[in-house]
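# Architecture and fold: a report
Spelled out from the first residue to the last, the chains are:
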Amino acid sequence: MTEENEGFFKKFHESINNELDEVTKNNFANLESNSKRVSYLCSLPIIKKYDITDDVVKCKTGGEFPVNKSLSKALQLKDAGNQWVQKGDWVKALVFYSQSMMHMPEKETEELSIVFANRSAALNHLQQYEEALADIKKCLSLGYPRHLRYKVYERKARSLLALKRNRESIVAFQDTISALDEATKLEKEKRTKMRTDAKIMLEILNKGLVLAGNPSDPEPLNKIPPKPKLAGKHNSKFPAASEAITIDTDDVKGRYATATRDISAGEVLLIEKAHSGVLLAEFSKTHCQNCFLKCPISLPCPKCPNVIFCSDKCLETALKSYHGYECQILPLIWKSGCSITCQIALRMITQNKKDYFLSISNDLKPQLGAYKTEDYRNIYNLTTHEEKRCKQDFLHRTEMVVFLIKVLELTGYFDGKPRTKPIEMVELNSMAVNEKYQGDVELIGGYLLRNLQVLQFNAHEVFELQVPKPKVDKNIIKHDGKSVFLAGAVFPTLALFNHSCEPGVVRYFYGSHIVVRAVKNIKKGEEVCENYGPIFTTVPKEKRQMELKDRYWFDCECIPCKENWPLYDEMTENYMRFKCDSDNPCPNVVAVPYDCTEFMIQCGLCQQYTNILKGLKSLQDTEMLYRLGRAAMDEGKYGEAVKKFTEVLKLYDATLAPPYKSYYDCVQDLRRCLLSMGNYSII
C-alpha cells in the first residue's frame, strides 16, 4: 500500500519515535496516569512543531479537506439524474438525485427543494409511495418554487391514492387546484386539463367516501421491523439484559454472565444499544451514519458531503451530538489511517459535551444503581489490562491521542460548541494546542487514552448480511448471505460476557442495537458465554489459544479447551455419547457403539446402569424434525425453522452429551436462522 493510501498517522508515529531521545522516553515511561502521559507528550517541542499539511494533501483517500459542498457538482449530478429520467431508468435517476443532495450547499434551499421534488417523482414511478410523500414534504418545507408546486401536490395526491389514504388525497387534490392558480409558466390548456382532472378525482373520491360510510384513512405504513423483545422481565441491575441472566464476579474470571434459571435455545437474552459506534468510511455514503442501516433513499448532512442518514430522527441525533463536531474533521480522521477503535474512542467523547466529562471526573468508580448503557463510567471501568502494558504500547496510543486532541481543538469541542467557521489547511501546520486548553488536554486526553485501552478488549464488530435479490413472490433467503463488517461499537453489558470456544449465544444487529440469543439450552447456574473469534469445531486448540492470548491477553479455559474436544471433521459417528442416567447427578458420558445389542449399559464412573432404549425412543423424532427445520429454512421461513431446531436440541440434550456432529449441525443451522433476523441488505 502506498503512502498516499495508507494514511499519514504511520509517518507521524515513526517520525516522533525516531526523534525522541532515551531521556524523554524514560521520563514518559515513569508517568503513572493517562492524563500525565498525554499532557507530557503534548508539551514536547517535536510534537508542537509537527506539520501534517503536506501529508494531508498527499493522501488521496478519505475525501476532500477542507470540507466543502459544491453547487456545480450538485447541479451536474442533478442533470445526470434528469438524463436517466429521459431514458426511463428511474433507479439510476434516484441514485444521482441522492448524490446531488449530498453535494448541494446548505444555503441553496431552492435548488435542494427541486432535487427532492425530482427524487419524489422517481420514487413515485418505483411505487415507493411513502418515501415519495416524505420527499414531497421535504421539498415544500425547503421552499419549492410556487409556480411548480402544482406538480408535487398532484404527485402527493396520486401517491396517497395508491396507499388508499383517500381523505388525505382529497386535501392534496384541493391543494393541486389552488397551486394551479400560481402555475404562471404552464400552458393554459394544460392548466385547464389538470384542474378538470383534479375536480373529477375530487368528485369520485367524495362520492366514494359517502358510499363507504366515511371511513378513516389507514395508518401510514411502518416499514421498520418490530424491535425484538426480551424473554420475560428485564434484569433490574442490568436493564439491557433479561432476568434469565445475572452478572457474577470472581478473582479469576472477573465479571461474567450466569443463568439465573434454565434458558431455552432461541431465547432473547440481551438487547442493547451501542454506547458508541462508528461506521466504516467505505460505507459512509451507503449506510446511515447513526444507525448503520443501508439507506438507498438517504438524507444528506446539511454541512458536509461525507455522510448520509436514513431519517430526520437519525440526522437530528447526529447533528446535536457527535456529528456537530466531527462534520469538518471526518476527512482528516479517514486520511490519518487510524483504526475503527480510534474513531470509536473519539466518538465516545464527541457524543457528550465537555461539561458532562467535567461533572463525572471526580466520581469515576462503578455506580451502585442500574448499569446504564449510556453512562460513560460503565465503559471507563471495563477491562484495560493497564498493568500489563509496556511503555511502547502506551507511547503509540498516546501519540494517537495527541492527534485526536488536536482535531478536537479544531472542532470547537473545548469551547463547548461546534465551530461555525470552516477549518483551514493552515491550521494543521502545528500540532500544538492552545495553552488555555491545558486542563482539557489532561482531562479529555486522559479519557481518550483510557478509551483506546478499553476498546482493545471490549469493542465489537457490527455486521449485516448481504443477500441476493429474491425471486418473484418468494421469501428473501438470507442464511446463505455474506456477513459484512460495517462498523465498530462498544456495548457495555455485552462486554461483561466471557468467551468460550463453544459459545452459548449468537449475536446479531437491529440497527445499532445488538441482540443476543441463546443457541443452545443452558442450565441454571451455568456460565453464559459469547465468542471472541475462534470456534472449537473449525479451529484447532493450539491456534485458538494462540489467537486469544495474542488478541485478548488471556489463556482460554473453556470446556472444549480443557477437554481437548475434536474439530467437527474429526468427530466420530461410530458411537453415541449418552448422558449417565444415574439417580445421583453424574457428569460421565456413556459411549455406546451403534451396533450395541444391549439396552442397559453400566457407567464406568458411578457404576450405575443407563437405559439406552429409553434414550433412543426420545431421539427417534429428531431426524424428521431436523429435516422439517431445514426445509423451512431453505424457504426463508426462519421463525418456523427456529421452532423445529429448538425442539431437536431439547431432545438431544435430554439424552446425549456433546460434542457430536448432528448436535452442531443443528446448532449451526439455528445460528444461521437467528442471524437472518438481523440487519441485511439486498445486493
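Every value quoted in this text rests on a predicted model; they were computed, and no experiment measured them.

Now for helix H8 (residues 90-103). The end-to-end C-alpha distance of H8, which contains 14 residues, comes to 20 Å, matching closely the 20 Å that a straight helix rising 1.5 Å per residue would cover. Here H8 has its buried residues at Trp90, Ala93, Leu94, Tyr97, Ser98, Ser100, Met101, Met102 and His103. With a side-chain oxygen lying 3.3 Å from the backbone nitrogen of Val91, the N-terminal cap of H8 falls on Asp89.

Feature annotation in UniProt assigns "repeat: TPR" (unreviewed entry) to the following positions: residues 622-655. End C-alpha atoms of residues 622-655 are separated by 12 Å, and the span's content is 91% helix alongside 0% strand.

What follows covers the UniProt feature "domain: SET" (unreviewed entry) in the protein. UniProt records the feature "domain: SET" (unreviewed entry) at residues 243-533, using the numbering of this structure. The distance separating the terminal C-alpha atoms of residues 243-533 is 27 Å; by composition the span is 30% helix and 19% strand.

So, on to the side chain of His103. Structurally, the position occupied by His103 is in helix H8. When near neighbours in sequence (up to four residues on either side) are disregarded, His103 contacts Lys69, Ser70, Leu71, Lys73, Ala74, Leu77 and Pro305.

Following the criterion strictly, the structure yields 36 salt bridges and no others. Glu530 is the salt-bridge partner of Arg507, the closest N and O atoms lying 2.7 Å from each other. Taken together, the residues span a long stretch of sequence, with Arg507 in strand E9 (residues 505-510) and Glu530 in the loop between strand E10 (513-518) and helix H22 (541-552) at a distance of 23 residues. Under the relative-accessibility criterion, Glu530 is labelled buried at 2%. In this structure, Glu623 and Arg627 form a salt bridge, with 2.7 Å as the shortest nitrogen-oxygen distance. Residue Glu623 and its partner Arg627 are located together in helix H25 (residues 622-634), separated by four residues, close to a single helical turn. On the basis of relative accessibility, which here comes to 57%, the residue Arg627 falls in the exposed class. One salt-bridge network, held together by shared partners, links Asp363, Lys365, Asp375 and Arg377.

As a further point, take the packing of aromatic side chains. Under the criterion given, the structure shown has 24 aromatic pairs. Ring geometry for Tyr413 and Phe414: centres 6.1 Å apart, planes at 75°, overall edge-to-face. Residue Phe414 is classed as buried on the basis of its relative accessible area, which comes to 3%. Every member of this aromatic cluster is reached through a ring pair, and the members are Phe536, Trp565, Tyr652, Tyr660, Tyr663 and Tyr664. Over the ring of Phe394 we find Arg37, and its NZ or CZ is 3.8 Å from the ring centre. The ring centre of Tyr256 lies 4.7 Å from the NZ or CZ of Lys253, which sits over that ring.

Glancing now at the pairing of strand E3 (residues 268-273). Counting buried residues in E3 gives five out of six residues, a clear majority hidden from the surface. Summarising the sheet, E3 and E10 pair through five bridges and their orientation is antiparallel. Looking at E10, one finds that Lys273 is bridged to His513.

So, about the sheet that holds strand E15 (residues 680-682). An order of E4-E8-E7-E15 is seen for the four strands of this open sheet, with the pairing classed as mixed. Edge positions in the open sheet fall to strand E4 (276-279) and E15, since each of these has one partner strand only. Going from strand to strand, the sheet's axes swing by 35° on average, the running direction of each strand aside. As paired strands, E4 and strand E8 (residues 482-490) are joined by four bridges and run antiparallel to one another.

Taken in spatial order, the three strands of this open sheet run E3-E10-E9, and their pairing is antiparallel. Looking along the sheet, the strands with just one partner apiece sit at the ends: E3 and E9. The average undirected angle you get between the axes of adjacent strands in this sheet is 20°.

Core analysis: the largest hydrophobic core is formed by 150 residues, its most contacted members being Ile444, Tyr447 and Val528. Here this core gets eleven residues from one element, more than from any other, and that element is helix H20 (residues 391-411). The two domains that each donate at least three residues to this core are domain 1 (1-66 + 302-459) and domain 3 (572-682). Discounting chain neighbours no more than four positions away, the residues touching Tyr447 are Ile349, Phe357, Ile360, Ser361, Leu364, Tyr376 and Tyr380. Core analysis: the next-biggest nonpolar cluster, separate from the first, contains 17 residues, Ile308, Cys314, Cys327 and Trp334 among them.

Our focus in this paragraph is the domain arrangement of the protein. Under the domain assignment, the protein is made up of domain 1 (1-66 + 302-459), domain 2 (71-212) and domain 3 (572-682). A C-alpha centroid distance of 59 Å is found between domain 2 and domain 3.

Moving on, we get to the pairing of strand E2 (residues 254-259). By the bridge criterion, six bridges tie strand E1 (residues 245-250) to E2 in an arrangement that is antiparallel. In the sheet register, Thr246 faces E2, and the bridge partner there is Thr258. Counting the residues in the hairpin turn of E1 and E2 gives three residues.

Right, let's talk about the packing of helix H4 (residues 34-43) against H20 for a bit. In the contact formed by H4 and H20, the axes pass within 9 Å of each other and the chain directions differ by 70°. On the basis of their axis angle, the class for H4 and H20 is roughly perpendicular. Handedness of the H4/H20 crossing: right-handed. Across the interface between the two elements, Asn34, Arg37, Val38, Leu41 and Cys42 from H4 touch Phe394, Leu395, Thr398, Glu399, Val401, Val402 and Ile405 from H20. Tallied by class, the residues present in the contact of H4 with H20 amount to eight nonpolar, two polar and two charged.

With the rule as written, the count across this model stands at zero disulfides. As a non-bridged cysteine, Cys291 has Cys310 as the owner of its nearest cysteine sulfur, 3.6 Å distant. Of all cysteine sulfurs, the one in Cys304 lies closest to Cys327, which takes part in no disulfide; the gap is 3.7 Å.

Criteria and thresholds
Residues numbered from 1 in each chain as written. Predicted model: local features only at pLDDT ≥ 70, side-chain atom pairs only at ≥ 80, totals over all residues. Heavy atoms only, no water. Helix = DSSP H or I, 4+ residues; strand = E, 2+ residues; numbered from the N terminus. Expected span 1.5 Å × (residues − 1). Buried < 20%, exposed > 50% of the residue type's maximum accessible area, 1.4 Å probe, protein only. Polar contact = N/O pair within 3.5 Å; in protein donor to acceptor, adjacent residues only side chain to side chain. UniProt positions renumbered as here; feature names shortened; annotations may be inferred. Contact = heavy atoms within 4.5 Å. Salt bridge = Lys/Arg side-chain N within 4 Å of Asp/Glu carboxyl O. Phe/Tyr/Trp six-rings, centres within 6.5 Å; stacked < 30°, edge-to-face > 60°. Lys NZ or Arg CZ within 6 Å of the ring centre and 35° of its normal. Pairing = 2+ DSSP bridges. Axes fitted to C-alpha atoms, helices over the stretch in contact; angles between N-to-C directions. Core = buried A, V, L, I, M, F, W, Y, C linked by side-chain atoms within 4.5 Å. Domains from an automatic or database assignment. Parallel < 35°, antiparallel > 145°, perpendicular 65-115°, else oblique. Left-handed = near helix turned anticlockwise from the far one by under 90°. Nonpolar A, V, L, I, M, F, W, Y, C, P; charged D, E, K, R; others polar. Disulfide = S-S within 2.5 Å.

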